[in-house]
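# Structural features, examined
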Amino acid sequence: MLTGVPASDLRAAARLFATGGNGAIYYGLGVTEHSQGSTTVMAIANLAMMTGNLGRPGVGVNPLRGQNNVQGACDMGSFPHELPGYRHVSDDATRAVFEQLWGVTIDAEPGLRIPNMLDAAVEGTFKGLYIQGEDILQSDPDTKHVAAGLAAMDCVIVQDLFLNETANYAHVFLPGSTFLEKDGTFTNAERRINRVRRVMAPRNGLADWEVTLKLANAMGANWAYTHPAQIMDEIAATTPSFAGVSYELLEEKGSVQWPCNAAAPEGTPIMHVDGFVRGRGRFITTEYVATEERTGPRFPLLLTTGRILSQYNVGAQTRRTENVVWHPEDVLEIHPHDAEVRGVKQDDWVRLASRAGETSLRAHLTDRVSPGVVYTTFHHPVTQANVITTDHSDWATNCPEYKVTAVQVGLSNGPSEWQRDYADHAAQSRRILPAAE
Amino acid sequence: MKDFILPPKNDRDMGTPASRSTTMVTLRIDGFDVTVPEGTSVMRASAEAGIQVPKLCATDNLEAFGSCRLCVVEIDGRRGTPASCTTPVADGMVVHTQSSKVRKIRKGVMELYISDHPLDCLTCSANGDCELQDMAGAVGLRDVRYEAVDTHFQSRQNGEANPNYIPKDDSNPYFTYDPAKCIVCSRCVRACEEVQGTFALTITGSGFDSRVSAGAAGDDFMTSDCVSCGACVQACPTATLQEKSVIELGTPERSVITTCAYCGVGCSFKAELNGDQLVRMVPYKHGKANRGHSCVKGRFAYGYASHTDRILNPMIRDRIEDPWREVSWDEAFSFTATRLRDIQAKHGKQAIGGITSSRCTNEETYLVQKMIRAVFGNNNTDTCARVCHSPTGYGLRTTFGTSAGTQDFDSVEHTDVVIVIGANPTDGHPVFASRLKKRLRQGAKLIVIDPRRIDLVKSAHIKAAHHLPLRPGTNVAVLTSLAHVIVTEGLADEDFIRTRCDWS
């Protein structure tokens, strides 16, 4: 059985979804972080279209975004091939809008993706990286490769609240401000643009947008924004799906869902009501292609990963709150059968090894996972779960295949050599000279 | 430009939830005509007319309960004194909220509540923010005639230990439970059930001895099923369930509406402060994503903002082997600008780039990509969404034409069958999970496709119709087989496909 799911269960689930009334699909990173992540998203879209479950309340395709502003960061032109509003950099008309406003020429060729930047750094052709509010060393796959890429650069700039793991490889640290200390907007999973309001002054002296502004000006720009509302006005002026958005509107409405423009002045709670944005919905053939990450005699188990309620992602914030009482360390969930044949008992230290690397953590025996599958969270840097994950990725977008790694589990004496070396290196790297020197 | 600090407008507690009916009904309350949707309670209709009927067990995010007997009214042509929270309006109804009869009843009821409540108001953490205190004032309670013999809060007058006394539970890091102050209104129990959907709390004992309990006897809040969402604390009308931050810092004096910075649900909060001291985060009931609910992270886990690990000064170093050196902002910017320009002079324009963050605001993200494209002069910008939802962008753009979810969160209230695949909402998106669970308790069916038996598969009053525990890496095979069954068994919506999709 390829999927491990009995055919009768698949049939029953399919019948229920197709005949049960309004059908809605909610999904998370267990869909996207696979070598066929994009294919899976299209298979979900196919399922919604073939059952007529789009364009009204109670139905739809709902990606549950992991972070407060994933939707917004994508909308704002963060990707190397897209300007704000998902418009390709090779599109002359779009480039012209920004070129005219900014007074520069924009490269018509897409730039490098994160994995390509790191590859180029290892090769010696990519030398400087400005990282705002992300800890790529901890959150990106194949930690050793990330470390090698960062270590090869001449100027790594980290802007963050804390000396995160990436900062161990940085030359410049620019202190960041929390959401309590600045004005702005976040766009949530339902495309809702919500105001973030300054509750207190930035403890570091500057809101994050001011830091970027001053760095740009130090490099020769001449930006004069004095409030994030003016940046939103520029976004609205250049990006059709945001054309109607302003801080005044947000004060009046509380929040608004894009598209918000002349066609939808109060925003768009539900999309594709009268027709799909692209015209007609498009079915895509979704052939199953197994990942190259295979189990075998050396690595017979499949590792998958996830989050726990009290902790958040790499834990930079929640580890620094009293939430640690609920989750002081990451543990490895393993089925009692798989544990027994390995001599592993509850709370034993185990070595978790993949083709990419190994780490150690404690075992938690549970039948939440099926035999053959193990599971862990990735909230604590000491666990280094991404030492284990491989460099396989989604065929269309390079999204890493975090959710499938062939592993072996065995008893261990405690933290691995990598974990110990890393801890030493981190302590060394975090030294701050006293102000007097 | 002015920083907006919104007063908490429309923040009044209407007592019971709004009715969804579109049929309107007109009644007369204390001489005022008021028109409200059918199904509205007399209490809420009164609030619409600007008349606040005294109440303790009612609050507008919970179904009416009718236990405190404080909200009784008189209605012409009806016998007795019905509770206004559980009495629906009717056309032509004539209601009196302040007759001498109901005023006398309320005073008597309050007298009983207060006879078993400590009178340490001045030093109580809820002083100034206590509904019991407000109601004692509203009904004009002036005297308590009962002797303090068998209370839950003090030793007996003869010096014997008081078997009714239950000590304070401060096991949870963020809030305390003080049974001495409990009036057994059940708002916390109902919030845990109706709003959060965890069913961790119950009332144990009966009559005078009843008290709130987290789980079985011997459990405290930490060992119970409690997930620390704080809905009970928010619902509590007294200091029985109280944030430790309020106990320490006092009652907040101002509030600012803002948005949580954790997950993609995007809950709206009132940040409540004294000066620039954050006292507590209270989910904003008019927030359209969360409708007044929150999880443990958004409500309580903001302490990182003032953690001593925070770096507050810019730092630079020549080589990563060197220790950091604190510098002025100006020096940090000029050091950085010089290094980046030197790299470009030596290795070409394409040798630098930047990464934007899904943790930062739209405006900050826009500026970073603008700096890279306009100042660095290349397109070497990427974002952490690369490692999470980039396939969503590709997949939904290809099939639908735009890279975004199709619904609002309110949509879940209208769904009949839900597939949750590759997500663990009770951990990852807890406030959405609570809204989903509410709909499931109303009868919607659930299909979970996940290698792991997540909590949604089976939890209090929730059981998935199907859990498909697939092998990691076989999502496409499972989804395609679902589609195969739907097509081969003739269950596809051909009409929708022919009119709305490519048919060929």
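The rules behind the values
- Residues numbered from 1 in each chain as written.
- Chains lettered and ligands numbered in written order.
- Predicted model: local features only at pLDDT ≥ 70, side-chain atom pairs only at ≥ 80, totals over all residues.
- Helix = DSSP H or I, 4+ residues; strand = E, 2+ residues; numbered from the N terminus.
- Buried ≥ 20, exposed ≤ 12 C-beta atoms within 10 Å, placed from the backbone.
- Contact = placed C-beta atoms within 7 Å.
- Rg over C-alpha atoms; globule rule 2.2 N^0.38 Å.
- Nonpolar A, V, L, I, M, F, W, Y, C, P; charged D, E, K, R; others polar.
- Pairing = 2+ DSSP bridges.
- Axes fitted to C-alpha atoms, helices over the stretch in contact; angles between N-to-C directions.
- Expected span 1.5 Å × (residues − 1).
- Arc of directions from axis to C-beta.
- Domains from an automatic or database assignment.
- Left-handed = near helix turned anticlockwise from the far one by under 90°.
- Parallel < 35°, antiparallel > 145°, perpendicular 65-115°, else oblique.

Let us look at the overall build of chain B. Of the regular secondary structure elements, chain B holds 14 helices and 20 strands. Across its three principal axes, chain B shows a C-alpha extent of roughly 90 × 70 × 50 Å. Residues classed as buried in chain B amount to 54% of the 504 residues present. Taking as baseline every contact in chain B between residues at least 6 positions apart, the subset at least 24 positions apart corresponds to 55%.

Before going further, it helps to examine the overall build of chain A. Secondary structure summary: chain A contains 13 helices and 16 strands in total. Computed over the C-alpha atoms, the radius of gyration of chain A is 24 Å, within 12% of the 22 Å expected from 2.2 N^0.38 for a compact globule of 437 residues. Along the first, second and third principal axes, the C-alpha atoms of chain A reach 70 × 65 × 40 Å. Evaluated residue by residue, chain A yields a buried proportion of 59% over its 437 residues. Summarising the internal contacts of chain A: among those between residues at least 6 apart in sequence, 64% fall at separations of at least 24.

Let us now look at the interface of chain A and chain B. Counting from both sides, the interface comprises 206 residues of chain A and, opposite them, 170 residues of chain B. With 13 residues, helix 3 (residues 37-50) of chain A is the largest single contributor of residues to the side of chain A that touches chain B. Across the side of chain A that touches chain B, the residue classes tally to 107 nonpolar, 67 polar and 32 charged. Note: strand 5 (residues 128-132) of chain A against strand 14 (residues 352-356) of chain B, 4 bridges, orientation parallel. What sits directly across from A:Leu129, in strand 14 of chain B, is B:Gly353.

A few words now on unusual backbone geometry. Here A:Trp258 and A:Pro259 are connected by a cis peptide whose omega angle stands at -5°. Within the secondary structure, A:Pro259 is located in the loop between strand 10 (255-257) and strand 11 (301-306). In the Ramachandran plot, B:Phe199 falls in the positive-phi region, its phi being about 60° despite a non-glycine side chain. Relative to the helices and strands, B:Phe199 is located in the loop between helix 4 (187-196) and strand 6 (201-204). Residue B:Phe199 is classed as partly exposed on the basis of its 16 C-beta neighbours within 10 Å.

This brings us to the sheet that holds strand 17 (residues 445-449) of chain B. Strand order in this open sheet of 5 strands is 2(A)-1(A)-16(B)-17(B)-20(B), and the pairing throughout is parallel. The sheet is open, and its two borders are formed by strand 2 (60-63) of chain A together with strand 20 (466-468) of chain B, each paired with just one other strand. Taking the axes of each pair of neighbouring strands and ignoring which way they run, one obtains an average angle of 15° across the sheet. Alignment of strand 1 (residues 23-27) of chain A against strand 2 of chain A, held across 4 bridges, turns out to be parallel.

This next bit is on helix 1 (residues 7-19) of chain A. Between its first and last C-alpha, helix 1 of chain A extends 18 Å over 13 residues, near the 18 Å set by a 1.5 Å rise per residue. For helix 1 of chain A, the full list of buried residues reads A:Leu10, A:Ala13, A:Ala14, A:Phe17 and A:Ala18. Buried residues along helix 1 of chain A cover an arc of 125° about the axis, so they all sit on one side. In this structure, the buried side of helix 1 of chain A is in contact with strand 1 of chain A together with strand 16 (417-421), strand 17, strand 20 and helix 13 (475-488) of chain B.

Another point: the domain arrangement of chain B. For interface size, the figure often reported is the accessible area lost on association. Along its sequence, chain B is organised into domain 1 (24-139), domain 2 (175-306), domain 3 (315-387) and domain 4 (407-500). Measuring from the centre of the C-alpha atoms in domain 2 of chain B to the corresponding centre in domain 3 of chain B gives 41 Å.

Moving on, we get to the packing of helix 2 (residues 100-115) of chain B against helix 3 (residues 131-139) of chain B. All names here are of chain B. Look at helix 2 against helix 3: their axes get within 10 Å of each other, and the N-to-C directions meet at 145°. Helix-helix and strand crossings are classified by hand; for helix 2 and helix 3 the assignment is left-handed. The residues of helix 3 that touch helix 2, namely those facing Arg106, Lys107, Met110, Tyr113 and Ile114, are Leu132, Met135, Ala136 and Val139. Across the contact of helix 2 with helix 3, the residue classes tally to 7 nonpolar, no polar and 2 charged.

Moving on, we come to the environment of A:Leu101. Residue and element names in this part refer to chain A. Its location among the elements puts Leu101 in helix 5 (residues 92-102). Using a count of 13 C-beta atoms within 10 Å as the deciding quantity, one classes Leu101 as partly exposed. Residues Leu101 and Pro297 lie 196 residues apart in sequence; the distance between their C-alpha atoms is 60 Å.

In contact at an axis separation of 9 Å, helix 9 (residues 208-218) of chain A and helix 8 (residues 329-347) of chain B are set at 55° when each is read in the N-to-C sense. In terms of orientation, helix 9 of chain A lies oblique with respect to helix 8 of chain B. The way helix 9 of chain A lies across helix 8 of chain B gives a crossing that is right-handed. Where helix 9 of chain A approaches helix 8 of chain B, its residues A:Lys214, A:Leu215 and A:Ala218 are matched on the opposing element by B:Trp329, B:Phe333, B:Ser334, B:Thr336 and B:Ala337. Across the contact of helix 9 of chain A with helix 8 of chain B, the residue classes break down as 5 nonpolar, 2 polar and 1 charged.

This part covers the domain arrangement of chain A. Residue and element names in this part refer to chain A. One can read the domain layout of chain A as domain 1 (1-54 + 276-289), domain 2 (70-257) and domain 3 (301-427). Across the boundary between the two partners, domain 1 contributes 8 residues, which contact 13 residues of domain 3. Elements supplying a minimum of two residues to the side of domain 1 that touches domain 3: helix 2 (29-32) and helix 3. For the side of domain 1 that touches domain 3, the class distribution of residues is no nonpolar, 7 polar and 1 charged.

Right, let's get into the pairing of strand 9 (residues 254-259) of chain B. Residue and element names in this part refer to chain B. Strand 9 sits mainly inside the fold: 5 of its 6 residues count as buried. Summarising the sheet, strand 9 and strand 10 (residues 268-274) pair through 6 bridges and their orientation is antiparallel. Along strand 10, the bridge assignment pairs Thr258 with Phe269.

Quick look at the sheet that holds strand 1 (residues 24-29) of chain B now. Working definition: the strands of a sheet are paired by backbone hydrogen bonds and lie parallel or antiparallel to each other. One open sheet accounts for 4 strands, arranged 2-1-4-3 (chain B); its pairing is mixed. Bordering the open sheet on either side are strand 2 (32-37) and strand 3 (74-75) of chain B, each of which pairs with just one other strand.

This part takes up the pairing of strand 16 (residues 405-411) of chain A. Looking along a regular strand, one sees the side chains alternate between the two faces of the sheet. Residues and elements named next belong to chain A. With 5 of 7 residues buried, strand 16 is to be regarded as a mostly interior element. Judged from the 3 bridges that link them, strand 11 and strand 16 form a sheet pairing that is antiparallel. Bridging from a neighbouring strand, Leu303 pairs with Thr405 of strand 16. The pairing of strand 13 (residues 349-354) with strand 16 spans 5 bridges and is antiparallel. For Ala353, the partnering residue across the bridge sits in strand 16 and is Gln408.

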